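Results of the structural survey
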Amino acid sequence: MAVLGSFLLYTGFLIIISRRSDKKTIPIETFREGNRQLGAWTIFLMVTALWSSSLIVVEIDTAYRWGVAAIWYGISVGLMSLLVSILIPWFRRHHYVSNSDLLGQRFGGTVRRLSGIVIGITFPIFALSNALAAGALVHVLLHWPLWVTLFITTAALVTYIQFAGMMSLAKTQGINFAMVVTSLILAGIKLGQLVHHHGSFLDSPRPAFWHLFGIGHGTIWVWFGMNILNVFSAQAEIQTVAASKTRLAAQRAIWLSTGVLILITIFSVWLGIQARVLMGHSNQEGLMAFFRLVLQHSSPGFDVIFSVGVWALALTWCGPLLFSGAISVGGDVINRSHSVSTLRWALVIEAILMVLYTTMRPDNIAWWRVFGLTLRNAAVVGPTLAVILWDDLNPTAVTIAIIAGIGVGLGFNAWTDFSVTHFVWGINPMWSAATTSFIVLALSRLLTRRQYRSALGGMGLWLLFAILLIKTEHKIFSAGLTGLGLLMLGVSFMIFSWWRTRSSDPIDTTTHILGPERH
């Protein structure tokens, strides 16, 4: 009961902090974007809290199973964040609110609503992982069913975010991050003591566990490919940095944040490794084993502080994602972008979706995440890249690209009965869906510019290389890399179409992306 009471007290504290940001009639710009007046320190705390909360969960679980090689996931996230910092001038120049709003500005209402629906459906999926981490902890302590914990988590988030939106997150993310770091330090002390006490009796894991590439080159490349795609669609982070006072403040915040994220990655990997060494050849999942080790024979005070830290971990990740999804749902799907009350109701919709998802395949969180990426990347990544490359792409072509990508993703999943391990041609539908979107966009660009030979030749070469890639998968690539190779072929075709039509484009792409902001 002490843990439950601490959850309630901590949530009440966050609500009080959030209400300090509230006004009876808060302007939509303040609720949605913080009035674009967030300072570098606030941006740093928000971005660091967002990504560290995801990294900690992934790194502990992956390091527990695979060892030192888990560090590459954190490095790939750091690279993604640095690449986002390069695009900050471009996003700010386009008055970024959300990806769906950005696409709607360029390609019209149909693309706006379609991409907004996909973002609204998928962001609660991405929020699941940390909410379930908190659920695992509560299950260890109180033996509550998962849906109860998820309900409490979403109720808390909706309660304190609805007061002032972005400003509520700005006020609370730093506090949540401090609690997360505190719980990490406590866990490190506890596991360090256990290893020191039992060191002579512990069995060392297999040699590959200590190898920097022990998880396999294919998995590492997939992590980097997945997170580089995120550069164009990490809506929650982009919304945060776009709300900064200046471009330089946002970039400095991200650079500093990336350094801190690497440190958190290293420490989280160490925690996962220590947990595995202590547990030996246990069949328990990484997070569950970690929680059991940290909480065994601990004092009530330790349990309370650590549990509040894990609770904060869930809030830190789920809050920005649900709020980000709500902006797309309220502003671009319901089409009431100037109504604070609509955004608040959209937040409730996102929260309900997250709880509903846990009733379907709750044991396959990794599949859920990949399924969400399949839909989101097909609907957002290619079209956003198209906005950067071309000013005048046909909106109908973008709509077709989104529908085709989603159709391929859903179709290939359905073909294998939504299997977790079996894929069409051995390629995860996440890659097939995004590649389809790229191919349709590139082909439509060439055809509308009457580059018929280039379109036919480029498409023929892409098909040839794609077939060779699939046929020779096991002879050339490590397991799992065929899909990434297929994606690179799609990106290459898109770059080829830009090169073939660049003479008619009156812009210099480098200046277009990195040029100064217009006021």
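Residues numbered from 1 in each chain as written. Predicted model: local features only at pLDDT ≥ 70, side-chain atom pairs only at ≥ 80, totals over all residues. Heavy atoms only, no water.

**Some points on the overall build of the protein chain**
Across its full length, the protein chain holds 21 helices and zero strands. Burial statistics for the protein chain: of 519 residues in total, 58% are counted as buried. Contacts in the protein chain between residues far apart in sequence, at least 24 positions, make up 84% of those at least 6 positions apart. Of the accessible surface of the protein chain, which amounts to about 21200 Å², a share of 67% is contributed by carbon and sulfur atoms. (Helix = DSSP H or I, 4+ residues; strand = E, 2+ residues; numbered from the N terminus. Buried < 20%, exposed > 50% of the residue type's maximum accessible area, 1.4 Å probe, protein only. Contact = heavy atoms within 4.5 Å. Areas by Shrake-Rupley, 256 points an atom, 1.4 Å probe, with all protein chains shown as cover.)

**Here we look at the environment of Gln251**
Along the chain, the position of Gln251 falls in helix H11 (residues 247-279). Among the residues examined, Gln251 registers a relative accessible area of 7% and is labelled buried. Measuring from C-alpha to C-alpha, the distance between Gln251 and Phe44 comes to 9.4 Å, with 207 residues separating the pair along the chain. What Gln251 contacts, discounting residues up to four positions off in sequence, is Ser85, Ile88 and Pro89. One polar contact links the side chain of Gln251 to the main-chain carbonyl oxygen of Ser85, over a distance of 2.9 Å. Among the polar contacts made by the side chain of Gln251, one reaches the side chain of Arg247 at a distance of 2.6 Å. (Polar contact = N/O pair within 3.5 Å; in protein donor to acceptor, adjacent residues only side chain to side chain.)

**Re a nonpolar patch on the surface**
Taken together, the side chains of Leu461, Leu464, Phe465 and Leu468 define a hydrophobic patch exposed on the protein surface, amounting to about 380 Å² of accessible area. The topology assignment puts Leu468 in helix H18 (residues 452-471). (Patch = residues over 30% accessible without salt bridge, like charges linked within 9 Å, V, L, I, M, F, W, Y side chains within 5 Å. Salt bridge = Lys/Arg side-chain N within 4 Å of Asp/Glu carboxyl O.)

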